[in-house]
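Observations on the three-dimensional arrangement
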Amino acid sequence: MTAKLMPDAKVPALSVPTVGGGQWDLASQTPANFTMVVVYRGYHCPLCKTYLGKLNDLAAGYRDAGFSVLTVSMDSLERATKTKDEWGLSNLTVGYGLSEATARAWGLWISSSIKEAEAPTFAEPGLFWVRPTGELYLVDISNMPFARPDLELLLSKVQMVVDNGYPARGTMKAAA
């Protein structure tokens, strides 16, 4: 069962190893504004390559806007290393080994391979902005590789969000 995360609620724990060594842990992030977690399908995905390439180009802008950024997949260390190196993601932290259970806890859709080049099981795309308090602010998940939010548009809205204290949306609970 895939969970549905609620804005303004605490997100599940997230801790993954990173290409180049070390462990990335959401609880230890201290951004001025948000931590952005971008889940990509894996090394096999050409659309992920383009999307993460764009994020790599915008990484300095996100850092300047007070973000900590992680890209992560269910890939192995070997595949994640190829992703970082071959895709030229020198400005990004690339995590790997996201478990299926954690992916589901974050509300992601899970797919199985339909081509030999694909990993046997992988998470479909997701993008999350998490406040320094660990509460979800923005969520965008997809069950298709070609449906993802515009990274430039999102970056252009950060100052408005911060300056105006724009609240998380979608927080209204269903009537009992």
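Residues numbered from 1 in each chain as written. Predicted model: local features only at pLDDT ≥ 70, side-chain atom pairs only at ≥ 80, totals over all residues. Heavy atoms only, no water.

**Considerations on the overall build of the protein chain**
To keep it simple, the criterion reads: Only runs of H or I of at least four residues qualify as helices and only runs of E of at least two qualify as strands under DSSP, and these elements are numbered from the N terminus. Radius of gyration: C-alpha atoms only; globule rule: 2.2 Å multiplied by the number of residues to the exponent 0.38. Using a 1.4 Å probe on the protein chains alone, a residue whose accessible area is under 20% of its type maximum counts as buried, one over 50% counts as exposed, and one in between counts as partly exposed. In this description, contact between two residues means that some pair of their heavy atoms is separated by no more than 4.5 Å. Only the protein chains shown count as cover for residues, and all accessible areas are computed by the Shrake-Rupley method using a 1.4 Å probe.
Looking only at helices and strands, the protein chain has 4 helices and 9 strands in total. Moving toward the C terminus, one meets the helices and strands of the protein chain in the order β-β-β-α-β-α-β-α-β-β-β-β-α. Taken over C-alpha atoms, the radius of gyration comes to 16 Å for the protein chain, in line with the 16 Å a tight globule of 176 residues would show. Counting only C-alpha atoms and orienting by the principal axes, one finds that the protein chain spans roughly 45 × 40 × 30 Å. Counting every position in the protein chain, which comprises 176 residues, the buried fraction comes to 45%. In the protein chain, 66% of the contacts between residues at least 6 apart in sequence involve partners at least 24 apart. Summing over all exposed atoms, the protein chain offers an accessible surface of approximately 9,000 Å²; the carbon and sulfur share of this is 55%.

**Notes on the environment of alanine 65**
Residue placement: alanine 65 occurs in the loop between α1 (46-64) and β4 (67-72). By relative accessible area, alanine 65 is classed as buried at 16%. Distance from alanine 65 to glutamine 159, taken between C-alpha atoms, is 7.5 Å for residues 94 residues apart in sequence. Leaving out residues up to four positions away in the same chain, alanine 65 has contacts with Asn33, Leu155 and Val158.

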